Each structure stands twice: as structure tokens, then as C-alpha cells.
Amino acid sequence: MERLYPQLILDALKTVRYPGTGKSIVETEMVADDIRIDGRSVSFSIMFPKPTDPFARSLMKAAEAAIHQYVGQDVEVTVNALYPTAAPEKKPALPGVRNIVGVSSGKGGVGKSTVASNLAVALAREGYKVGLLDADIFGPSVPKMFGLEDEPVYMHEVDGRQLIIPAERYGVKVLSIGFLVDKNAPVLWRGSMASNALRQLIEEADWGELDYFLIDMPPGTSDIHLTLVQTLAMTGVVVVSTPQQVALADARKGIAMFTGEKINVPVLGLVENMAWFTPEKHPDEKYYIFGREGAVRLAEELHIKLLAQIPIVGSICDGGDGGEPIALKDSIAGHAFMHLAHEVIEAVDERNEALPPTQKVDVKKR
């Protein structure tokens with residue numbers, strides 16, 4: 001008497017064809033990976049596309065007949081039917097957040113974190129509830145800009161879960177990987193480790209109710225950007241560049257990434273940082289040391305908004321280094337960031353009126 005084994009069963013089932021396609025149920029992978037053999041008893045399952053499949057009963061009988069015909073009449077056959085089950089609807093990562101805005105740049109050194117930090121403070125000054133996530137895993141600078149470099153991390157329980165409590169300063173809730181690592185040591189993580197850490201800062205933190213959740217994204221295009229758009233349904237992004245041609249070339253690539261078919265996240269507008277140098281004591285003087293209006297022309301070319309032109313003023317650097325963003329001050333630079341906040345608010349409102357709610361990006365399906 002021939003000993004039974006899984007391949008023998010599969011060979012017999014290759015003769016059974018699904019009427020809906022005319023193909024073998026083995027070829028179409030309808031036979032589940034659960035073949036069980038006990039002496040002369042065989043059990044296996046056939047996966048059907050829906051519970052109301054009209055061919056289910058006849059196909060199960062055909063499968064049983066094929067085993068008897070090609071394996072043995074004495075074999076005891078049990079055929080089970082499997083149907084797809086609807087996956088439970090996953091709650092959004094940030095259910096209490098109205099707008100999620102990324103602050104991005106094509107290259108480093110253009111002042112992206114300065115813009116993100118001051119934009120967060122400016123929005124808070126306007127009375128909005130604001131959160132800021134420092135997603136620049138390998139170069140976190142937000143803790144220094146907010147004077148939070150030595151801030152301890154605390155957790156508390158919310159609905160049975162232990163969640164990280166964001167630090168809060170100047171009316172902004174802040175979290176950064178910089179809170180969890182040695183500020184004097186490099187972060188030597190592979191991409192998957194960095195992505196997992198970022199998801200924790202998003203999904204395992206008590207962000208609460210927010211009008212604007214800003215994300216200081218790392219420069220360039222990387223795994224971190226994919227992690228963000230796959231984890232969060234982003235309202236849109238603000239792209240930061242200097243007027244310099246080298247920076248603009250990289251900004252163009254960043255904009256192309258977000259507007260491409262696979263990502264498709266709205267670009268709210270472009271910020272020209274370091275647009276000109278203005279001495280504090282001579283506010284009417286402008287010196288275009290990185291070129292003139294390069295981002296203005298790029299915005300016109302790509303038909304996106306120019307949200308603001310931010311000058312180089314010494315107090316911006318001093319404020320960042322001292323942990324007091326310049327947007328707190330009544331100054332030339334402070335007014336520039338308040339103007340940026342107003343433009344971002346308007347751009348977000350226009351985007352929400354014109355476009356449907358953003359969906360998380362499923363890169364695998366594209």
C-alpha cells in the first residue's frame with residue numbers, strides 16, 4: 001500500500017480546475033498550506049474568494065473525487081472551505097490630530113529644522129494646538145533649538161497602554177530621538193531600526209488633540225520618508241530651500257518624490273530660507289549672498305506656492321543655539337516666521353477644501 005505524502009495529494013489536486021478561471025486550484029494557490037495526513041486519512045482546505053462562491057460545494061466534491069481517483073479509493077478525505085475575513089479596521093496613528101504637515105528639504109544645511117521649529121512656535125502663538133516631531137533620526141537638532149537637550153523622558157498609562165509624554169515648551173509638544181540617545185554620540189542604526197524608532201515616537205506617544213502636527217523630516221529622500229507616508233495620512237508638506245542652485249536642484253527632487261504617483265502627498269508650498277542677509281541695525285539693507293529669488297522662480301515653474309522668504313539675521317542663529325526660537329520675538333525674523341505661519345494656515349485650509357482627506361500611502365500596491 002502506497003504511503004501518503006503531501007506532494008501526492010497536491011499532484012491529484014492539480015487535476016481539479018476552478019470553473020471561474022479554468023485553472024488548476026493548485027496553480028491558482030487555492031489549496032491552503034494545511035495538508036494533514038494520518039495513516040490513510042487526509043484533510044486539507046480550499047480557499048475561496050468569497051463566502052457566497054457558487055462553485056464552492058461542487059469544487060470540494062471534485063477535490064475529494066480526485067483524491068479517490070489518483071491516490072486511492074480507501075483514503076478518507078476531509079475538505080474544508082476557507083474564506084477571506086475582513087481585517088479589523090485599524091485606528092489612525094494620530095486620531096486627535098487635524099492636520100499633519102511635513103517640513104522637508106532636498107539637502108541638508110538649508111535651515112529646515114530652524115523653519116520647522118519657528119513655524120511650530122509661530123502657530124502656537126496664534127493660539128493653535130501644535131506638536132512637533134523631530135524625525136531627523138540621524139541628526140536631531142530640535143532639542144537644542146527648544147532648550148530641551150537634557151530633557152528626561154516620562155511615560156504614563158492611557159487606556160491600558162504606556163505612552164511617552166511629549167515635552168512641552170513655548171506651547172508646542174515636542175518629541176525627538178535626541179531625547180533617547182547620547183547627544184554627543186552618532187546614531188549608528190540601520191534603516192529598519194530608525195524606522196521602528198520613528199513609529200514608536202508617533203504611535204506610542206500621547207500627542208492628544210492637536211490642530212497641527214509638524215514633522216521635521218530628514219533631508220533628501222530615504223526610508224524615513226517612506227515610513228512617514230506609510231504610517232501617517234499626511235495633509236501635505238512644506239519644502240525648504242535656499243536660493244542657491246545646488247539647493248534648488250535637490251529641492252526639485254524632493255518635490256518630485258512627494259508629487260510622484262507612488263507617494264502623492266500634496267506640496268503646500270516652498271519656503272526660500274536665507275533669501276538675503278539683513279544686518280540687525282540696518283533692516284532696509286539686503287545682501288543676496290546665496291543668489292536672488294531662486295526659490296521664487298522654482299515655485300513659479302512648478303506652479304506651487306511660495307509661502308515665505310526668510311532672511312538671514314544673526315538673531316535667528318542665536319535663538320536656535322540658545323533654545324529660544326526667534327518666532328517668539330517681535331523682530332524682522334520673528335515677523336517673517338509669523339507671516340509663514342499665516343501662509344501655511346491658508347494653504348492647509350485651501351488644500352482641505354479642494355482635496356479629499358489624505359490616505360496613508362501603500363507603496364506595495366503601486
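These lines cover the structure that appears in this document, whether it is placed above or below. Computed from a prediction, not measured in an experiment: that's the story for all the values here.

What counts as what
Residues numbered from 1 in each chain as written. Predicted model: local features only at pLDDT ≥ 70, side-chain atom pairs only at ≥ 80, totals over all residues. Heavy atoms only, no water. Pairing = 2+ DSSP bridges. Helix = DSSP H or I, 4+ residues; strand = E, 2+ residues; numbered from the N terminus. Axes fitted to C-alpha atoms, helices over the stretch in contact; angles between N-to-C directions. Contact = heavy atoms within 4.5 Å. Buried < 20%, exposed > 50% of the residue type's maximum accessible area, 1.4 Å probe, protein only. Polar contact = N/O pair within 3.5 Å; in protein donor to acceptor, adjacent residues only side chain to side chain. Salt bridge = Lys/Arg side-chain N within 4 Å of Asp/Glu carboxyl O. Core = buried A, V, L, I, M, F, W, Y, C linked by side-chain atoms within 4.5 Å. Expected span 1.5 Å × (residues − 1). Patch = residues over 30% accessible without salt bridge, like charges linked within 9 Å, V, L, I, M, F, W, Y side chains within 5 Å. Areas by Shrake-Rupley, 256 points an atom, 1.4 Å probe, with all protein chains shown as cover.

Observations regarding the sheet that holds strand β10 (residues 210–216)
Taken together, eight strands build an open sheet; the order of strands is β8-β9-β5-β10-β4-β11-β12-β13 and the sheet is mixed. Both edges of this open sheet fall to β8 (167–169) and β13 (306–312), since each of them pairs with a single strand only. The sheet shows a mean angle of 25° between the axes of neighbouring strands, direction not considered. Alignment of strand β5 (residues 130–134) against β10, held across five bridges, turns out to be parallel. Counterpart to L133 in the pairing with β10 is I215. Against the sheet, helix α8 (residues 294–302) engages β12 (267–277) and β13, with an angle of about 160° to β12.

Considering the side chain of S176
Residue position: S176 is located in strand β9 (residues 172–176). Classification of S176 by relative accessible area gives buried; the value is 0%. Separated by 2.9 Å, the side chain of S176 and the backbone nitrogen of G178 make a polar contact.

Considering the pattern of salt bridges
Under the defined criterion, the tally for this structure stands at eleven salt bridges. Here E301 and R252 are joined by a salt bridge, their closest N and O atoms 2.7 Å apart. Of this pair, E301 sits in helix α8 while R252 sits in helix α7 (residues 245–259), placing them 49 residues apart in sequence. Residue class for E301 comes out partly exposed when judged on its relative accessible area of 44%.

Description of the nonpolar core
Within the largest apolar cluster, 86 residues are counted, with the highest numbers of intra-cluster contacts made by L133, F146, V172, F213, I215, M234 and L340. At ten residues, helix α10 (residues 332–354) tops the list of elements feeding residues into this core. Setting aside chain neighbours within four positions, we find V172 in contact with A120, V121, A124, V130, G131, L132, F146 and A167.

Digging into α8
When we look at burial in α8, the residues that qualify are G294, A295, V296, L298 and A299. The elements touched by buried residues of α8 are α7, β12 and β13. Where α8 ends, the next residue or the one after it, H303, has phi of about 60°, a positive value.

Comments concerning helix α3 (residues 112–125)
Spanning 14 residues, α3 covers 20 Å between terminal C-alpha atoms, matching the ideal 20 Å at 1.5 Å per step. With 13 of 14 residues buried, α3 is to be regarded as a mostly interior element. In the stretch just after α3, G127 is the one whose phi turns positive, near 95°.

Quick word on a nonpolar patch on the surface
Residues F277, Y287 and I289 make up a contiguous nonpolar surface patch of about 280 Å² in total accessible area. With respect to the element layout, F277 can be found in strand β12. F277 gets classed as partly exposed once you look at its relative accessible area, which sits at 30%.

Quick look at unusual backbone geometry
Its identity as a non-glycine residue notwithstanding, E29 has a phi of 55°, on the positive side. Along the chain, the position of E29 falls in the loop between α1 (6–13) and β1 (36–38). Its identity as a non-glycine residue notwithstanding, E293 has a phi of 55°, on the positive side. Examined against the element boundaries, E293 turns out to sit in the loop between β12 and α8.

Considerations on the sheet that holds β1
Two strands in a sheet stick together by hydrogen bonds in their backbones, pointing the same way (parallel) or opposite ways (antiparallel). Spatial ordering of the open sheet is given by β1-β2-β3, a layout of three strands whose pairing is mixed. Two strands lie at the open edges of the sheet, namely β1 and β3 (76–82), each paired on one side alone. Across this sheet, the average inter-strand angle for adjacent strands is 15°, counted without regard to direction. The sheet strands contacting helix α2 (residues 56–70) are β2 (41–47) and β3, and the helix crosses β3 at an angle near 150°.

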